[in-house]
There are 2 protein chains.
Amino acid sequence: MSLDDPEPTREKILEATYEALCKHGYGDLTIQDIADEFEKSKSLLYYHYDSKDRLLVDFLDSTLEEFITDFHLTEETPREQLERLLDRLFPNNLDEENYPLQIALLELRAQAHHSELYQKQFTEMDRLFKETLVDIIEEGIRTGQFRDVDAELEAELLVSMISGMRTRRLTCQDFQVEESRRAIEEHIDRRLRSE
Amino acid sequence: MSLDDPEPTREKILEATYEALCKHGYGDLTIQDIADEFEKSKSLLYYHYDSKDRLLVDFLDSTLEEFITDFHLTEETPREQLERLLDRLFPNNLDEENYPLQIALLELRAQAHHSELYQKQFTEMDRLFKETLVDIIEEGIRTGQFRDVDAELEAELLVSMISGMRTRRLTCQDFQVEESRRAIEEHIDRRLRSE
């Protein structure tokens, strides 16, 4: 790699994938669409990935890495960390970047039964998401901010609830985002906050 | 319609659609696949539906009608009615009929952002699902079996939770169906059952 171009090729390919997904969606996406967003040669792209599916699985993997990097536990209180997680996964507004990405993730998820690679990836996503929630809840219990609940059970319910809200927002007309957000905040406070 | 064939054409077409969806999934489905499952002429099929999308939207509509017919409120207690709803939407086992249908519904949902027709249909599905839950919860409050909760809020949370569980079951490996079911039962009892 030259000094003028310190960014690794994988990152550039994944950026191109992101751009192509936002433009074309998953359904119509071809590897040529990705190549069109990639400034280097198509053969370099094929050198790294032998199929569109492998590339998309690596793309999913990179969104997961980003999520983990962002969600190292911080100095915030456990309740604030839950807030940040919700802001991230269920923001009040989906901007022009975030909306097509969430649509693409939903379309990819709906394909998971066709492909063991995708299935593994979504299993790992949900596992990590749940683990993050368990860590936050257990920290809250340890510090006395949260009641002594079953952290596994609460995390399991939250993963499904947030996943469901994300999907419904993308697929229903006039979905009441703020109302749903308020409902989940109330659920969290009722279930977790110590009196 | 002859006396030998009292079943309306629409029903036969929708049955053929169901068979074709189970065999081919949504992604690869052509109107020819549906015609292949239909004992009458392809032109009769086109006479009733001018596109694959309109046919699939009517198919979604028919699953909704079936749901409503099944879920008239009965003599059961509100808690038993919730139980029946869960058995229906999140059964412990997905048999050979139910699994491909749920996959097809997920694939169709993931396409909703492309098509206002689909979006309307899924909006209506979720609205009716929520309304059914609100009715059951309000009946429980009225009869004193449930606490005096905010029925709208509880129903909103349950719709998202059950939707999320349904999707995760279809898209994750080794998803713990019975554990999730237990978690949602506990959630219902904790939140709703009067002491």
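Provided above is the structure to which this section pertains.
Attention here is on the structure that accompanies the text. As the structure is a computational prediction, the values presented were derived from the model and not from experiment.

Our focus in this paragraph is a negative patch on the surface. All names here are of chain A. Taken together, the side chains of E11, E15, E19, D95, E96 and E97 present a region of like negative charge at the surface. Relative to the elements of secondary structure, E15 occurs in helix α1 (residues 9–24). In this structure E15 comes out as partly exposed when scored by relative accessible area, which is 44%.

Quick look at the relation of the copies chain A and chain B now. Superposing chain A onto chain B takes a rotation of 180° plus a shift of 0.0 Å along the axis, which leaves an RMSD of 0.0 Å. Here the two chains are linked by the operation of a two-fold rotation axis. A share of 100% of the interface residues of chain A reappears at the interface of chain B, consistent with the copies meeting face to face through the same patch.

Examined against the element boundaries, K130(B) turns out to sit in helix α7 (residues 116–142). Taking the relative accessible area as the measure of exposure, K130(B) reaches 13% and is therefore buried. At a separation of 3.4 Å, a polar atom in the side chain of K130(B) contacts the side chain of E152(B). Engagement of the side chain of K130(B) in a polar contact is seen with the side chain of E156(B), the distance being 2.9 Å. In contact with K130(B), other than residues within four places in its own chain, are E179(A), E152(B), A155(B), E156(B) and V159(B).

So, about the side chain of R168(B). Here R168(B) is to be found in helix α8 (residues 151–171). Given a relative accessible area of 5%, R168(B) falls into the buried group.

Below, the discussion takes up the packing of aromatic side chains. The full count for this structure, using the stated rule, is two aromatic pairs over all chains. For K52(A), the ring lying beneath its charged end belongs to Y26(A), and the centroid distance is 5.3 Å.

Cut-offs applied
- Residues numbered from 1 in each chain as written.
- Chains lettered and ligands numbered in written order.
- Predicted model: local features only at pLDDT ≥ 70, side-chain atom pairs only at ≥ 80, totals over all residues.
- Heavy atoms only, no water.
- Patch = residues over 30% accessible without salt bridge, like charges linked within 9 Å, V, L, I, M, F, W, Y side chains within 5 Å.
- Areas by Shrake-Rupley, 256 points an atom, 1.4 Å probe, with all protein chains shown as cover.
- Salt bridge = Lys/Arg side-chain N within 4 Å of Asp/Glu carboxyl O.
- Lys, Arg positive; Asp, Glu negative; His and termini not counted.
- Charge placed at Lys NZ, Arg CZ, Asp CG, Glu CD.
- Helix = DSSP H or I, 4+ residues; strand = E, 2+ residues; numbered from the N terminus.
- Buried < 20%, exposed > 50% of the residue type's maximum accessible area, 1.4 Å probe, protein only.
- Least-squares fit on C-alpha atoms with pLDDT ≥ 70 in both.
- Contact = heavy atoms within 4.5 Å.
- Polar contact = N/O pair within 3.5 Å; in protein donor to acceptor, adjacent residues only side chain to side chain.
- Phe/Tyr/Trp six-rings, centres within 6.5 Å; stacked < 30°, edge-to-face > 60°.
- Lys NZ or Arg CZ within 6 Å of the ring centre and 35° of its normal.

All we've got here are geometric facts, nothing functional implied.
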